[in-house]
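Residue strings, one per chain:
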Amino acid sequence: MSGLLQRLSVGLALLVGVAALADGVMFVDSGEAVVVYRFGAIARTATSGLQLRAPWPLESDERIAIGEARRVETGERRLVTGDTNLVDLDLVVQYAVSDPVAYVLGATDPEAVVIQTVKASAAEVLSTMEVDFLMTTGRSELQSRLRERAQASLDARKIGVTLADVDVRELSPPPPVVDAFNDVSSARGDRETLALSADAYASTVIPDARGEAAQMVEVARGDASRIVSGAQGDVARFSALKAAHDASPGSVKAQLRAELWADLGEDIDVIGAAPGTEVYLPTE
Amino acid sequence: MKWSWLIVALGLALPAASIYTLDAREIAVVTSFGAPVKTVTEPGLQLRAPWPIHTVQRFERRAHLLNIEPTELLTRDKKNLVVEAFVLWRVADPLRFLEAVGDAETAEARLSDLVTSRIAAGLGQQDFDALISADRGYAPLLPPQVLAEVAPISSERLGIEIQDIRLGHLGLPLQNEQSIYERMRAERKRIANAYRSEGEEQAITIRARADREAAELTSAAERQAANILAKAEGQAAGIYAGAYAADPQFYRYLRTLDGYRAILGEGDTLVLDSRDGLFEELR
């Protein structure tokens with residue numbers, strides 16, 4: 001009887017010992033950190049691999065995922081810009097635990113602190129920026145300012161997190177004024193179009209004028225050579241006639257006269273009259 | 001025999017009842033029949049007198065996030081704003097906290113009232129344009145005196161440390177949104193018109209410049225053409241002059257015949273001076 005009791009108590013002691021040892025063995029995944037508490041106080045932290053600690057109730061542990069990016073969203077919010085316009089902003093925030101001890105001791109709900117800090121930073125940063133800049137080229141500046149400001153606030157709160165990314169998922173004018181904003185961008189397009197079509201006009205008008213100018217000069221050159229060669233022709237004819245006339249003036253003149261009358265026809269009257277005499281023209 | 005068991009049991013139970021642990025995430029007050037004995041801030045193994053002599057009251061040591069519901073308030077220049085705020089607070093003096101508040105829920109209700117009224121007072125001392133302005137720089141939206149006022153009150157009266165108070169959202173009441181939209185639309189219209197008239201201005205300038213360049217090109221060509229013709233005519237005149245010099249009389253005669261050929265037609269009558277040799281020549 002007493003032998004059985006003894007064996008039972010030895011067995012129980014062994015079981016408790018094995019369970020205690022098993023409790024003290026920790027397999028820590030990569031991307032995890034483990035915070036070891038001894039009687040509730042933080043004794044040490046350890047990273048991935050096989051780790052040992054004293055069995056409960058002497059020591060206990062808490063695992064924290066440190067590698068993974070945690071993702072939170074602010075949801076769409078209507079905020080006031082620095083020039084008192086309203087814009088809708090929706091942010092996606094990725095953060096990671098950078099200091100496991102600060103993370104477990106800092107706040108009861110670190111994620112809520114991250115969201116609220118990012119929201120507050122967004123309201124602050126937007127209240128310093130103008131809507132035109134935001135709607136055209138300011139998006140990346142908003143993103144980087146936001147991240148900088150939110151991280152500085154989180155650092156001051158010592159909750160052991162680092163922002164990996166603050167992504168502007170949506171940044172747009174509120175629905176009631178979207179068409180007005182769209183009209184501005186189409187007006188910007190119209191400005192380009194008007195200038196381009198004027199450029200197109202210029203690039204046809206100027207070459208046309210250049211062509212016309214070249215043509216005018218060429219025509220003038222042609223006319224000029226015609227005038228000169230006409231004169232040369234006339235003079236050549238004159239020289240020929242003069243030579244003939246020098247040889248026999250009467251017959252040349254007679255021939256020229258005959259040619260003239262042949263060209264004009266016979267129906268022309270030539271009247272010789274001394275100055276001061278009256279001439280009676282034939283009536284019809 | 002029975003008594004010895006009791007003594008052993010008590011010998012084990014008394015130390016067990018006198019030892020407790022405090023978690024790193026907690027802060028505690030030891031009380032004795034309701035009266036505070038000491039504040040415990042060091043985590044780990046701690047000693048106390050066994051119950052019912054000593055009782056340990058534990059509180060959260062980590063920071064709590066308190067969201068303040070959206071509140072509509074007025075700036076100094078009487079413009080409405082809708083603000084949301086949040087407060088990060090934690091128990092700093094558990095004894096005072098225990099006496100003044102007792103639990104987190106009550107604490108948050110008290111803080112909420114305190115912070116809301118101070119934010120209203122703080123923003124009420126600022127003009128809307130000073131609060132929302134592109135040249136304001138990086139300053140926090142909330143006037144710093146709000147934290148400066150709330151922190152000592154919370155610490156002295158509630159045993160609470162205020163780590164931060166921030167405006168999480170700054171918006172406009174719905175009825176004001178409409179007028180903002182009107183203004184935004186008008187402003188967009190103005191910008192769009194400016195773009196379009198800028199485009200027209202550019203287009204007109206480009207066209208006018210092109211027209212001018214074209215006119216310059218053609219007028220230069222006209223001038224050049226006129227020069228060419230004038231030169232040719234000069235040359236021709238020189239050529240004719242040579243012929244004339246050779247025999248002026250005969251030359252004039254031929255030119256006269258050419259002249260008649262050019263001007264006379266059927267049925268015309270030509271009257272000439274009978275003393276002129278040309279009359280004889282023509283007859």
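Brief notes about the sheet that holds strand S8 (residues 160-171) of chain B
Residues and elements named next belong to chain B. Taken together, the three strands give an open sheet; going across it, the order is S6-S7-S8, and neighbouring strands pair in antiparallel fashion. Each having just a single partner strand, strand S6 (64-74) and S8 make up the two edges of the open sheet. Across this sheet, the average inter-strand angle for adjacent strands is 25°, counted without regard to direction. Inspection of the sheet shows S6 paired to strand S7 (residues 80-91) by nine bridges, in the antiparallel sense. Each bridged residue has a counterpart across the sheet, and for Leu 74 the counterpart in S7 is Asn 80. In the packing of helix H3 (residues 104-123) onto the sheet, the strands contacted are S6, S7 and S8, and the crossing angle to S6 comes to about 35°.

Here's the deal with empty space enclosed by the protein
Using the criterion set out here, one finds two cavities of 30 Å³ or more in the structure. In this structure, the largest cavity spans a volume of roughly 40 Å³. Taken together, Ile 68, Glu 69, Thr 71, Leu 73, Val 83, Glu 84, Ala 85, Thr 116 and Ile 119 of chain B make up the full set of residues lining the largest cavity. Of all elements in the fold, only S6, S7 and H3 of chain B reach the threshold of two or more residues within the lining of the largest cavity. Tallying contributions element by element places S6 of chain B first for the lining of the largest cavity, with four residues. Classifying every residue of the lining of the largest cavity gives five nonpolar, two polar and two charged. In terms of lining residues, the second largest cavity is bounded by Arg 237, Leu 256 and Glu 259 of chain A together with Leu 254, Leu 257, Asp 258 and Arg 261 of chain B. Mapped by element, the contributors of at least two residues to the lining of the second largest cavity are helix H7 (249-264) of chain A together with helix H7 (248-263) of chain B.

Thoughts on the packing of helix H6 (residues 178-247) of chain A against H7 of chain A
Residues and elements named next belong to chain A. Orientation of H6 relative to H7, taken along the N-to-C sense of each, is 130°, at an axis distance of 5 Å. What the angle tells us is that H6 and H7 run oblique. Here Leu 241, Ala 244, His 245, Asp 246 and Ala 247 of H6 lie close against H7, whose contacting residues are Pro 249, Val 252, Lys 253 and Leu 256.

Examining the domain arrangement of chain B
All names here are of chain B. Domain parsing of chain B yields domain 1 (2-60), domain 2 (64-171) and domain 3 (247-263 + 270-283). Taken over C-alpha atoms, the centre of domain 1 sits 38 Å from the centre of domain 2. At the interface, nine residues of domain 1 touch nine residues of domain 2. Taken together, the connections running from domain 1 to domain 2 amount to zero salt bridges. Across the contact surface, domain 1 and domain 2 share zero residue pairs in polar contact (both at pLDDT 80 or more). When residues of the side of domain 1 that touches domain 2 are traced back to their parent elements, those giving at least two are strand S2 (26-32), strand S3 (35-40) and strand S5 (55-60). Examining the composition of the side of domain 1 that touches domain 2, we find that four residues originate from one element, S2, more than from any other. Split by residue class, the side of domain 1 that touches domain 2 holds five nonpolar, three polar and one charged.

Topic: the environment of Tyr 195 of chain B
Relative to the helices and strands, Tyr 195 of chain B is located in helix H6 (residues 174-246). Between the C-alpha atoms of Tyr 195 of chain B and His 64 of chain B, which are 131 residues apart in sequence, the distance is 52 Å. Contact partners of Tyr 195 of chain B, with chain neighbours within four places excluded, come to Val 184, Ala 187, Arg 188 and Arg 191 of chain A. Polar side-chain contacts of Tyr 195 of chain B include one of 3.2 Å to the side chain of Arg 188 of chain A.

What to know about the nonpolar core
Nonpolar side chains in soluble globular proteins tend to end up buried together. Of all hydrophobic cores here, the largest spans 84 residues; its most connected members are Val 114 of chain A together with Trp 89 and Ile 119 of chain B. The residue makeup of this core includes at least three contributed by each of domain 1 (2-60) and domain 2 (64-171) of chain B. Core analysis: the second largest hydrophobic core is formed by 24 residues, Phe 238, Trp 261 and Val 270 of chain A together with Phe 279 of chain B among them.

Here we look at the side chain of Arg 191 of chain A
Take Arg 191 of chain A: it is sitting in helix H6. Contact partners of Arg 191 of chain A, with chain neighbours within four places excluded, come to Tyr 195, Glu 198 and Gly 199 of chain B.

A few points about the sheet that holds S5 of chain B
Residues and elements named next belong to chain B. As summarised here, the arrangement of the three strands in space is S3-S2-S5, forming an open sheet in which the pairing is antiparallel. Both edges of this open sheet fall to S3 and S5, since each of them pairs with a single strand only. In this sheet, neighbouring strand axes are inclined to one another by 25° on average, regardless of whether the strands run parallel or antiparallel. Pairing of S2 with S3, which is carried by five bridges, proceeds in the antiparallel orientation. In the strand pairing of S3, Val 30 is matched with Lys 38.

What about the interface of chain A and chain B?
If you look at the interface, chain A gives 107 residues, while chain B gives 102 residues. Where chain A packs against chain B, one counts ten salt bridges. In this structure, Arg 191 of chain A engages Glu 198 of chain B in a salt bridge whose closest nitrogen and oxygen atoms are separated by 2.5 Å. Counting across the chain A and chain B interface gives 29 residue pairs in polar contact (both at pLDDT 80 or more). With 41 residues, the top contributor of residues to the side of chain A that touches chain B is H6 of chain A. Residue composition of the side of chain A that touches chain B, grouped by class: 55 nonpolar, 20 polar and 32 charged. The pairing of strand S10 (residues 269-273) of chain A with strand S9 (residues 269-273) of chain B spans five bridges and is parallel. Residue pairing for S9 of chain B: Val 270 of chain A is matched across the bridge by Leu 270 of chain B.

Criteria and thresholds
Residues numbered from 1 in each chain as written. Chains lettered and ligands numbered in written order. Predicted model: local features only at pLDDT ≥ 70, side-chain atom pairs only at ≥ 80, totals over all residues. Heavy atoms only, no water. Pairing = 2+ DSSP bridges. Helix = DSSP H or I, 4+ residues; strand = E, 2+ residues; numbered from the N terminus. Axes fitted to C-alpha atoms, helices over the stretch in contact; angles between N-to-C directions. Contact = heavy atoms within 4.5 Å. 1 Å grid on protein atoms, 1.4 Å probe; cavity = no way out; pocket = protein on both sides within 12 Å on 5 of 7 lines; lining within 4 Å. Points joined across faces, edges and corners; volume = space filled by probe spheres on them. Nonpolar A, V, L, I, M, F, W, Y, C, P; charged D, E, K, R; others polar. Parallel < 35°, antiparallel > 145°, perpendicular 65-115°, else oblique. Domains from an automatic or database assignment. Salt bridge = Lys/Arg side-chain N within 4 Å of Asp/Glu carboxyl O. Polar contact = N/O pair within 3.5 Å; in protein donor to acceptor, adjacent residues only side chain to side chain. Core = buried A, V, L, I, M, F, W, Y, C linked by side-chain atoms within 4.5 Å. Buried < 20%, exposed > 50% of the residue type's maximum accessible area, 1.4 Å probe, protein only.

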